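# Residue-level structural notes
Here's the letter readout for the chains.
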Amino acid sequence: METAEIRRRWLRYFEQQGHTVVPSASLVSPDPALLFTVAGMVPFIPYLTGQQIPPYPRATSVQKCVRTLDIDEVGKTTRHGTFFQMNGNFSFGDYFKEGAIGYAWELVTGSQDDGGYGFDPDTIWVTVYEDDDEAEQLWRKVAGLPGERIQRRGRKDNYWHTGAAGPGGPCSEIYVDRGPQHGREGGPVVDEDRYLEIWNLVFMQYQLADVRSKEDFAIVSELPAKNIDTGMGLERVAYLLQGVDNLYEIDEVAPVLRRAAELAGARYGADPAADVRLRVVADHVRAGLMLVGDGVTPTNEGGGYVLRRLLRRAVRAMRLLGVGEPVLPELLTVSRDVMSRSYPELLTDWERIASVVAAEEEVFLRTLSAGTTILDVAVREAKEERAQHPRLSGERAFQLHDTYGFPIDLTLEMAAEQGVEVDADGFRELMRAQKERARADAVAKRGGRADTSAYRDLLTEHGLTEWLAHTTLSTESTVLGVLDGGAPVPAAGAGRVVEVVLDRTPFYAESGGQDADAGAITWDGGRAEVLDVQRPLKGLVVHQARVLEGELATGERVLAQVDPDWRRDARQAHSGTHVVHAALREVLGPQALQSGSFNRPGYLRLDFSWKGALAPQQRSDVEDVANRAVRDDLPVDVREMPLEQARAEGALALFGETYGERVRVVDIGGPWSRELCGGTHVSSSAQIGPLVVTGESSVGASARRIEAAVGMDGFRYLARERDLVQQVSGLLKVQRDDVVDRVGQLLAQLREADRELAALRTAQVLARAASLAASAEDVGGVALVAADAGPVASADDLRALALDVRGRLGDSRPAAVALVGVARERPVVVVATTAAGRGAGVRAGALVRAAAQALGGGGGGKDDVAQGGGSDATALPAALQAVRAAVAATTGS
Ligand code: SER
């Protein structure tokens with residue numbers, strides 16, 4: 001049975017059982033505690049915890065998921081994939097254990113002719129949580145399962161949570177016995193390869209906190225309702241129903257594996273080590289495709305880092321299979337062809353996806369060759385340092401990883417090939433410290449803490465913040481909670497910076513690239529300034545505020561007011577961002593798609609997929625198109641609609657965002673600019689005001705950043721430029737239009753004057769050569785010129801002079817020239833010897849060292865010419881004296 005058919009049957013079955021079919025959410029998790037969507041339930045967390053009222057009592061979905069915890073297992077087992085799809089059915093306080101078990105049994109064992117999956121009931125085993133007698137009874141009653149095929153397990157196996165604070169509960173898992181050829185008898189507790197888990201039924205009933213591991217967590221409270229969250233691994237069922245050995249060989253993955261084998265000239269199945277690599281490639285290419293499809297780009301942190309690692313592991317695996325050329329474009333296309341049957345957006349967005357992935361491979365291949373050279377140097381040094389048991393330090397391995405993107409497994413492997421060990425523990429410690437820093441940064445940026453339980457408590461107690469950012473700038477509200485240093489406090493006095501949660505707020509919380517509003521919270525006898533506004537949990541707005549006067553207490557009635565000037569400018573900047581985006585796409589084409597943005601009053605920046613710098617003409621065209629759109633005073637229309645309709649209307653869904661069922665679509669000039677957006681906007685484009693592009697730069701291999709000043713700031717930027725030109729034309733005493741010509745003339749004159757000056761200086765220096773040569777003194781038969789040449793433009797001038805003097809003395813005369821001088825306030829010394837002088841044992845290098853030592857510095861060179869310097873200009877006479885003494889010592893005089 002094709003994977004697509006398994007998916008269809010799932011949705012059809014649960015739709016028939018009264019479930020609303022919900023499309024897959026983005027792989028970028030809507031829950032801030034998680035990096036990626038790790039399970040089908042993630043988009044439903046607010047419904048499971050009761051933070052939001054579910055719009056339906058039952059739902060079903062096939063959710064795209066990514067999990068990378070077991071990345072090292074990929075390819076080695078039959079069942080570990082980083083990208084997978086999870087079929088889920090969910091009940092929000094509707095049916096519970098009996099319903100979930102009944103549906104699961106019917107679908108798993110129902111005949112294929114009747115729309116089921118047709119598994120033989122005799123091959124089904126289940127597990128239940130250790131004290132869940134009820135679940136065991138239900139399996140006996142509903143499914144007629146004999147007691148020996150129902151096994152009990154503890155927290156580690158039969159309790160489910162997301163790995164972060166949130167909902168959780170005991171679970172019951174369904175396994176299929178693949179037969180004695182796959183392992184030992186005895187059920188899943190004995191062998192999880194033979195007994196393959198296909199479906200997990202979670203009885204979600206508790207709120208969990210302090211989640212430290214699968215087993216170590218605290219149960220905080222009961223959820224408002226008893227819910228069901230189930231997840232069936234689509235790929236696992238596919239591999240059982242397609243009669244293949246593992247999930248890398250199913251219809252949606254195998255074509256990539258086969259193509260990779262062709263490229264490598266390998267036969268899949270011939271060599272177990274090569275097979276693992278081929279499976280890694282097949283898995284990672286697909287995961288990379290899906291992640292880039294959902295807007296993730298390769299970076300060095302967070303989700304971007306995970307993606308980078310997946311793509312690089314795929315490239316690396318291919319190299320180990322003997323393919324050094326770029327492979328991803330081809331493999332990605334194969335993966336697209338199979339995956340786009342279920343995810344057609346992969347086709348419409350193909351150009352962008354392909355260019356992101358190809359650029360990453362290019363960068364990595366360059367890294368590999370640069371890193372190899374650097375690694376070779378490090379290995380050589382390690383061997384020089386310690387011939388016996390050479391060892392590469394953790395710092396060096398970390399540097400290779402951090403600066404050159406050289407993966408540690410590669411360092412380990414390549415160092416080992418050359419007989420050098422690597423301090424992997426030291427490396428891991430540095431990695432851990434770096435991750436810790438990154439995590440702390442990310443948490444600080446969100447204005448929240450890693451532990452979101454205080455926020456969750458507020459949500460559970462008071463429900464969602466009534467959010468009025470789109471309707472008013474000022475409202476009366478009640479303080480629901482004050483957090484100081486992350487902990488709830490009854491009140492906070494003047495000077496404290498605290499987090500404040502209100503029952504309703506007009507403040508825009510930073511999101512969708514728009515900065516948070518600024519403003520004030522005032523109350524009887526007090527005032528606080530709002531510094532930042534964030535939404536650490538969906539539906540909960542948290543203000544960071546500094547109490548300026550009085551005491552801000554929980555329960556206080558307050559007036560929350562957004563600074564109207566701030567908001568007006570913020571609206572200009574956000575609408576300006578949309579206009580620049582549309583202008584970019586008009587000028588460069590639709591592949592210039594936004595990959596990130598940030599805007600605050602007066603300023604906007606937008607990152608977009610594009611290779612190479614914009615030509616000056618393209619840049620000014622973008623500015624021109626944007627300002628025409630402003631001039632045309634296009635209407636700005638904001639509408640709410642179902643996601644599907646927005647897609648059908650061609651709205652650009654900006655990635656990294658996740659959307660509920662109904663979305664907000666912002667049009668500027670009808671379809672010219674149509675984006676999904678929750679931000680605040682002007683009501684017609686003329687209100688944006690001047691839009692001035694102030695910068696265009698690179699952000700990574702395949703993305704550019706454009707920056708602009710907007711509104712009054714745009715005007716001020718231009719006014720400043722005008723003033724500058726005015727000042728320059730005043731100084732030059734020419735008309736503005738002649739400024740450039742005049743500066744060009746002046747520069748040419750300056751260059752000419754510089755040339756003349758240099759020639760003069762050289763002539764002047766050389767003019768002294770004759771008198772210096774004449775001043776030679778006799779030191780033990782050697783003619784020694786030891787003189788202070790005074791200030792010189794550079795040590796080179798002094799050198800030229802010394803060589804000239806030496807020439808005048810003649811090579812056959814035993815002679816040495818030692819000149820000191822001051823170049824750019826630093827004492828310098830140059831010594832030159834004639835051939836006969838060297839014959840008499842006088843060496844320039846030795847004399848320079850003697851002089852430089854007196855100058856408090858160092859120097860060196862060959863026997864014939866050497867130069868040095870120092871720091872103490874008052875010691876020049878002493879330096880000359882040292883040279884005299886050295887010559888005297890050499891000649892024995
Ligand atoms: N959330 C559970 C899981 O991921 C069931 O959907 O296994």
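Here the structure is shown first, and the text comes after it.
So, a few notes on the structure that sits alongside this text. In this text the structure is predicted, and so the values were computed from the model without any measurement.

## Notes on the overall build of the protein
Secondary structure summary: the protein contains 25 helices and 35 strands in total. Radius of gyration (C-alpha) of the protein: 37 Å, far over the 29 Å computed for a compact globule of 893 residues. The principal-axis extent of the C-alpha atoms belonging to the protein is close to 120 × 70 × 55 Å. In the protein, buried positions account for 51% of the 893 residues. When contacts within the protein are restricted to residue pairs at least 6 apart in sequence, those whose partners lie at least 24 apart make up 68%. Just so you have it, the protein exposes about 38,700 Å², and 49% of that area is on carbon and sulfur atoms. Counting 99 positive and 126 negative side-chain charges, the protein places the centres of these two groups 5 Å from one another.

## Here's the deal with the sheet that holds strand E25 (residues 636-642)
Each strand in a sheet pairs with its neighbour through backbone hydrogen bonds, running either in the same direction (parallel) or in the opposite one (antiparallel). Across the sheet, which stays open at both edges, the three strands sit in the order E25-E26-E27 with antiparallel pairing between neighbours. One side of each edge strand has no neighbouring strand; the edge strands of this open sheet are E25 and strand E27 (673-676). The mean angle between the axes of side-by-side strands here comes to 25°, regardless of whether they run parallel or antiparallel. Pairing of E25 with strand E26 (residues 662-668) involves seven bridges; the strand directions are antiparallel. Opposite aspartate 637, over in E26, you have aspartate 667 as the bridge partner.

## Structural notes on the pattern of salt bridges
Pairing is possible between side chains of opposite charge, provided their charged atoms come close. Tallied over the entire structure, the rule returns 55 salt bridges. With a closest N to O distance of 3.4 Å, glutamate 529 and arginine 546 form a salt bridge. On the criterion of sequence distance, the pair formed by glutamate 529 in strand E19 (residues 526-537) and arginine 546 in strand E20 (residues 540-549) is long-range, its members being 17 residues apart. Using a relative accessible area of 31% as the deciding quantity, one classes glutamate 529 as partly exposed. Arginine 568 serves as the salt-bridge partner of aspartate 565, at 3.4 Å between the closest nitrogen and oxygen. A residue pair is termed a helical-turn pair when its members lie 3 or 4 positions apart in one helix, as aspartate 565 and arginine 568 do in helix H17 (residues 564-588) at three residues. Take arginine 568: its relative accessible area is 42%, and that puts it in the partly exposed class. What you see here is one network of salt bridges that share partners, running through Arg7, Glu235, Glu252 and Arg286.

## Quick notes on helix H20 (residues 712-732)
Relative to the 30 Å expected for 21 residues at 1.5 Å per residue, H20 spans 30 Å between its end C-alpha atoms, a close match to the ideal helical length. Gly714, Ala719, Ser729 and Leu732 are the residues of H20 that are buried. In an axial view of H20, the angular spread of the buried residues amounts to 150°, which keeps them on one side of the axis. Opposite its buried face, H20 presents the exposed residues Arg720, Gln727 and Leu731, each directed more than 90 degrees away. Looking at the buried side of H20, the elements it contacts are strand E28 (691-698), strand E29 (703-710) and helix H21 (739-774).

## Digging into the packing of aromatic side chains
Per the counting criterion, the structure on display carries 20 aromatic pairs. Look at tryptophan 105 and tryptophan 139: their rings are 6.4 Å apart centre to centre, the planes differ by 75°, and that puts the pair in the edge-to-face class. Taken together, the residues tryptophan 105 in helix H3 (residues 97-109) and tryptophan 139 in helix H4 (residues 133-143) connect sequence positions 34 residues apart. Taken as a pair, tryptophan 105 and tryptophan 139 share a single burial class, namely buried. Aromatic pair tryptophan 125 and tyrosine 195: ring centres 5.1 Å apart, planes at 65°, arrangement edge-to-face. With tryptophan 125 in strand E4 (residues 124-129) and tyrosine 195 in strand E8 (residues 195-209), this residue pair connects regions lying 70 residues apart in the sequence. The pair formed by tryptophan 125 and tyrosine 195 is uniform in burial state, with each residue classed as buried. Every member of this aromatic cluster is reached through a ring pair, and the members are Trp10, Tyr13, Phe14, Tyr95, Tyr103 and Trp199. Sitting above the plane of the tryptophan 467 ring, arginine 535 keeps its charged end 5.2 Å from the centroid.

## Points about the pairing of strand E3 (residues 83-92)
Where burial is concerned, most of E3 is hidden: 10 out of the 10 residues are buried. Burial along E3 is two-sided: the face carrying Phe83, Gln85, Asn87, Asn89 and Ser91 and the face carrying Phe84, Met86, Gly88, Phe90 and Phe92 are both buried. Across nine bridges, the pairing between strand E2 (residues 58-66) and E3 is antiparallel. Across the sheet, residue valine 62 finds its bridge partner in E3, namely asparagine 87. Across five bridges, E3 lies against strand E9 (residues 218-233) in antiparallel orientation. Bridging across to E9, phenylalanine 92 finds its partner in asparagine 227.

## Looking at the site of the ligand
Around the ligand, the neighbouring residues are Ala39, Met41, Arg67, Met86, Trp160, Asn200, Val202, Asp229, Thr230 and Gly231. One nitrogen or oxygen atom from the side chain of tryptophan 160 is found 3.4 Å from an oxygen atom belonging to the ligand. Between aspartate 229 and the ligand, the recorded distance is 2.7 Å, taken from a side-chain N or O atom to an oxygen atom. Protein contacts shield 95% of the accessible area of the ligand, which totals 230 Å² for the unbound molecule. Sorting the residues of the shell around the ligand by element identifies E8 and E9 as the ones contributing at least two each. Sorting elements by how many residues they give to the shell around the ligand places E9 first, with three residues. Considering only residue class, the shell around the ligand consists of five nonpolar, three polar and two charged.

Cut-offs used in this document
- Residues numbered from 1 in each chain as written.
- Predicted model: local features only at pLDDT ≥ 70, side-chain atom pairs only at ≥ 80, totals over all residues.
- Heavy atoms only, no water.
- Helix = DSSP H or I, 4+ residues; strand = E, 2+ residues; numbered from the N terminus.
- Rg over C-alpha atoms; globule rule 2.2 N^0.38 Å.
- Buried < 20%, exposed > 50% of the residue type's maximum accessible area, 1.4 Å probe, protein only.
- Contact = heavy atoms within 4.5 Å.
- Areas by Shrake-Rupley, 256 points an atom, 1.4 Å probe, with all protein chains shown as cover.
- Lys, Arg positive; Asp, Glu negative; His and termini not counted.
- Charge placed at Lys NZ, Arg CZ, Asp CG, Glu CD.
- Pairing = 2+ DSSP bridges.
- Axes fitted to C-alpha atoms, helices over the stretch in contact; angles between N-to-C directions.
- Salt bridge = Lys/Arg side-chain N within 4 Å of Asp/Glu carboxyl O.
- Expected span 1.5 Å × (residues − 1).
- Arc of directions from axis to C-beta.
- Phe/Tyr/Trp six-rings, centres within 6.5 Å; stacked < 30°, edge-to-face > 60°.
- Lys NZ or Arg CZ within 6 Å of the ring centre and 35° of its normal.
- Near = heavy atom within 4 Å.
- Polar contact = N/O pair within 3.5 Å; in protein donor to acceptor, adjacent residues only side chain to side chain.
- Nonpolar A, V, L, I, M, F, W, Y, C, P; charged D, E, K, R; others polar.

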